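Structural features, examined
As a plain string of letters, each chain reads:
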Amino acid sequence: MAETTIYDKSSPGRRGVRFPQPDVPLTKLPESLMRKELPLPEVSENEVVRHFTRLSQLNYGVDIGFYPLGSCTMKYNPKVNEAAARLPGFALIHPLQPVDTVQGALHLMYELQEHLKEIGGFAGMTLQPAAGAHGELTGVLIIKKFHEVNGEPQRNKILIPDSAHGTNPATSAMSGFKVVEIPSDGRGNVDLEALRAECDETLAGFMLTNPNTLGLFDENVCDISALVHEAGGLMYGDGANMNALLGIAKPGEFGVDIMHYNLHKTFSTPHGGGGPGSGPVGVCERLVDFLPGPVVVAETIDDGFEMPFYRFDVPKYSIGRMKAFHGHFGMMVRAYAYILAHGAEGLREVSEYAVLNANYLMHKLKGVYKLPYDRVCMHEFVIEGRWSGIEDIHALDISKRLMDYGFHPPTNYFPLIVREALMIEPTETESIETLDAFAEAMLRIAEEAKTNPEILHEAPHNTPIGRLDEVQAAKNLILCCGLPTQYAE
Ligand SMILES: *Cc1c(COP(=O)(O)O)cnc(C)c1O
């Protein structure tokens, strides 16, 4: 695609902007500061607009179509959230401003902390972490410090189910813990016997994702929490799947001591391009003093105004800062707008429809696609992208073929415990027509796999770029394709 860079459109003397005559005297810059050459493309305004608009159309996003990427909760992001985050009073403030000049921003942060505490059933909340994985790191460091302060530094083991997201063991290992994998049982729950066998005096904590990455609510969650607590461990909840629980169940009430949210998943803020995200962490009462500082606190002062005065405070045993300044404030504004727009009833409906949509789709596909755990699912479900007798069709072929039908593929090959896994999360923001169209495409692909497997192997056929070498595409990113090759090195 040689003509795709803006440099290919360059023609000497062409320009998109005319600068006004300077109203100050001209002076010469020192030679040493001058570049010999400045290779900028010379293009007209309409060429720039067309070029970048066309590039944007080569991409796929939630604003274009259905995006059932399991575990990522690619729901539609209401544009009013964007408008809120761009209000100058929010967008143009500086984190070093004196707190009495940013009381509105602190009010928003405080209120968001309160809402997130209420939704998850927690006593304390930090908004600092920049993503889910960063929230995990925050939580695991809290676990570590809690045991240290309690004089039990020998607690160096974290248990993690085999269905967990890779960030869970990565975070624990990075924080110096020994990671022990706990298998799932035949129903997709944590195997209680295997868990019991690991509950000893070295247990620091257990990291549970509930609903788990199979899209299943662990039926034994209260027993799991009891076992871990009796052994002196803490329960970490990976809250990436909170889209299934809003207004229905509070992790703090089923024994979770620490949990991160992914604001960019559950609370509908744009993601997928690498950030920025936000991963607030909630904790139970006995861990409030360990939260990273500073947190926003409210002081009621008798000054005749109704609003309390907000300030920052560092908890007593704080693990320290997790982020420069106070976290990704723009994400907080979006999530706050989303929460207020829905209200308590609306948030509950979000989860009810997310679960309904997933079950509807699951029932349309099961029978044709193998469903390894045939149970009522939560907001997502996992099927197998393989059939006995058609050995050379893989989940990846099905996903690539879906692109020909205009759909973003589901998550492939995760969770690891399902062969040829296809993890489908429709989210609540999709209509029944969209779900039907997707199911229809999936059923047609299953038919094609039998009658015309080649068409799957060669897919995608009508995307700007055909089948990529996935490993090379990820490991060998070409990020400077805007530059002519002589400058690209
Ligand atoms: C997305 C996700 C994470 C990691 O969250 P990031 O915000 O991408 O860092 C962790 N666990 C689960 C189950 C997830 O789906």
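See the structure printed just above.
First, a word on scope: everything that follows refers to the structure included in this document. (Residues numbered from 1 in each chain as written. Predicted model: local features only at pLDDT ≥ 70, side-chain atom pairs only at ≥ 80, totals over all residues. Heavy atoms only, no water.)

1. Notes on the overall build of the protein chain
For the protein chain, the count of helices and strands is 15 helices and 12 strands. Projected onto its principal axes, the C-alpha coordinates of the protein chain cover approximately 75 × 75 × 45 Å. The 489 residues of the protein chain split such that 47% are buried. Surface accessibility of the protein chain: about 24,000 Å² in total, with carbon and sulfur atoms responsible for 57%. (Helix = DSSP H or I, 4+ residues; strand = E, 2+ residues; numbered from the N terminus. Buried < 20%, exposed > 50% of the residue type's maximum accessible area, 1.4 Å probe, protein only. Areas by Shrake-Rupley, 256 points an atom, 1.4 Å probe, with all protein chains shown as cover.)

2. Concerning the site of the ligand
Surveying the vicinity of the ligand reveals 13 residues, the closest of which are S71, G132, D238, H264 and K265. Between the ligand and G132, the relevant distance is 2.7 Å, taken from an oxygen atom to a main-chain nitrogen or oxygen of the residue. Protein chains shield 86% of the accessible area of the ligand, which is 380 Å² for the free molecule. Going through the elements one at a time, helix 5 (132-149) and helix 9 (263-266) are the ones with two or more residues in the shell around the ligand. Here the shell around the ligand takes three residues from helix 5, the largest share from any one element. Its residues placed into classes, the shell around the ligand shows three nonpolar, seven polar and three charged. (Near = heavy atom within 4 Å. Polar contact = N/O pair within 3.5 Å; in protein donor to acceptor, adjacent residues only side chain to side chain. Nonpolar A, V, L, I, M, F, W, Y, C, P; charged D, E, K, R; others polar.)

3. Describing the pattern of salt bridges
Enumeration over the complete set of coordinates arrives at 26 salt bridges. Here E428 ties to K75 by a salt bridge, and the two come within 2.9 Å at their closest N and O atoms. In this pair, E428 sits in the loop between strand 12 (421-424) and helix 12 (432-451) while K75 sits in the loop between helix 1 (45-57) and helix 2 (79-85), placing the two residues 353 residues apart along the sequence. The pair formed by E428 and K75 is uniform in burial state, with each residue classed as buried. We note a salt bridge from E384 to R386, for which the minimum N-O separation is 2.9 Å. A cluster of three or more residues bridged by salt bridges with shared partners is formed by E82, R86 and R334. (Salt bridge = Lys/Arg side-chain N within 4 Å of Asp/Glu carboxyl O.)

4. Considering the packing of aromatic side chains
Counted according to the given criterion, the structure contains 12 aromatic pairs. Ring centres 5.3 Å apart and planes at 45° place the aromatic pair Y110 and Y310 in the tilted group. With a gap of 200 residues between them, Y110 in helix 4 (residues 103-120) and Y310 in strand 9 (residues 309-313) connect regions that are remote in the sequence. A relative accessible area of 1% places Y310 in the buried class. Through successive ring pairs, a cluster of aromatic residues spans F66, F407 and F438. One Lys or Arg, K144, reaches over the ring of F177 and ends 5.6 Å from the middle of that ring. (Phe/Tyr/Trp six-rings, centres within 6.5 Å; stacked < 30°, edge-to-face > 60°. Lys NZ or Arg CZ within 6 Å of the ring centre and 35° of its normal.)

5. Quick word on the packing of helix 4 against helix 10 (residues 329-365)
Direction vectors running N to C along helix 4 and helix 10 enclose 50°, while the axes themselves pass 10 Å from each other. With respect to helix 10, the axis of helix 4 lies oblique. The handedness of the crossing between helix 4 and helix 10 comes out as left-handed. Between helix 4, through A105, L108, M109, E111, L112, H115, L116 and I119, and helix 10, the contact on the second element is made entirely by F329, M332, V333, A335, Y336, I339, L340 and L347. Among the residues forming the contact of helix 4 with helix 10, the class breakdown is 14 nonpolar, one polar and one charged. (Axes fitted to C-alpha atoms, helices over the stretch in contact; angles between N-to-C directions. Parallel < 35°, antiparallel > 145°, perpendicular 65-115°, else oblique. Left-handed = near helix turned anticlockwise from the far one by under 90°. Contact = heavy atoms within 4.5 Å.)

6. Some points on the nonpolar core
Here is a general trend for soluble globular proteins: nonpolar side chains tend to be buried in one another's company. By size, the foremost hydrophobic cluster in this structure holds 53 residues, and its most contacted members are L112, L116, L195, F206, I224, Y261 and F267. Of all the elements in the fold, those that place two or more residues in this core are helix 2, helix 4, strand 3 (178-182), helix 7 (192-198), strand 4 (203-209), helix 8 (221-230), strand 6 (258-261) and helix 10. Not counting chain neighbours up to four residues away, the residues in contact with L116 comprise M125, L127, Y261, L263, F267, P280 and I339. Among the nonpolar cores identified, the runner-up in size contains 28 residues, and L365, F407, L435 and A439 belong to it. (Core = buried A, V, L, I, M, F, W, Y, C linked by side-chain atoms within 4.5 Å.)

7. Comments concerning the side chain of H379
Among the secondary structure elements, H379 is positioned in the loop between helix 10 and strand 10 (381-384). For H379, a relative accessible area of 0% translates into the label buried. A polar atom in the side chain of H379 sits 3.3 Å from the side chain of N241. Discounting residues that sit within four places of it in the chain, H379 has contacts with P211, N241, N243, A244, A354, V355, A358, I424, E425 and P426.

8. Focus on the pairing of strand 5 (residues 234-239)
Of all six residues in strand 5, six are buried, a share of seventy percent or more. The alternating pattern of strand 5 places L234, Y236 and D238 on one face and M235, G237 and G239 on the opposite face, and all of these are buried. Summarising the sheet, strand 4 and strand 5 pair through five bridges and their orientation is parallel. For T209, the partnering residue across the bridge sits in strand 5 and is D238. This β-α-β element, strand 4 to helix 8 to strand 5, shows right-handed connectivity. For strand 5 and strand 6, the ladder comprises four bridges, and the chain directions are parallel. Along strand 6, the bridge assignment pairs D238 with H260. (Pairing = 2+ DSSP bridges. Right-handed = clockwise from strand over helix to strand, strands pointing away.)

9. A short note on unusual backbone geometry
With an omega of -5°, the peptide bond between G293 and P294 qualifies as cis. Mapped onto the elements of the fold, P294 is located in the loop between strand 7 (281-283) and strand 8 (295-299). Backbone torsion omega between F414 and P415 reads 0°, so that peptide bond is classified as cis. Its place among the elements puts P415 in the loop between strand 11 (411-412) and strand 12. In the Ramachandran plot, Y413 falls in the positive-phi region, its phi being about 60° despite a non-glycine side chain. Tracing the chain through its elements places Y413 in the loop between strand 11 and strand 12. Y413 gets classed as partly exposed once you look at its relative accessible area, which sits at 35%. Despite not being glycine, T427 has its phi angle at roughly 65°, a positive value.

The values reported here are purely geometric and, on their own, carry no functional implication.
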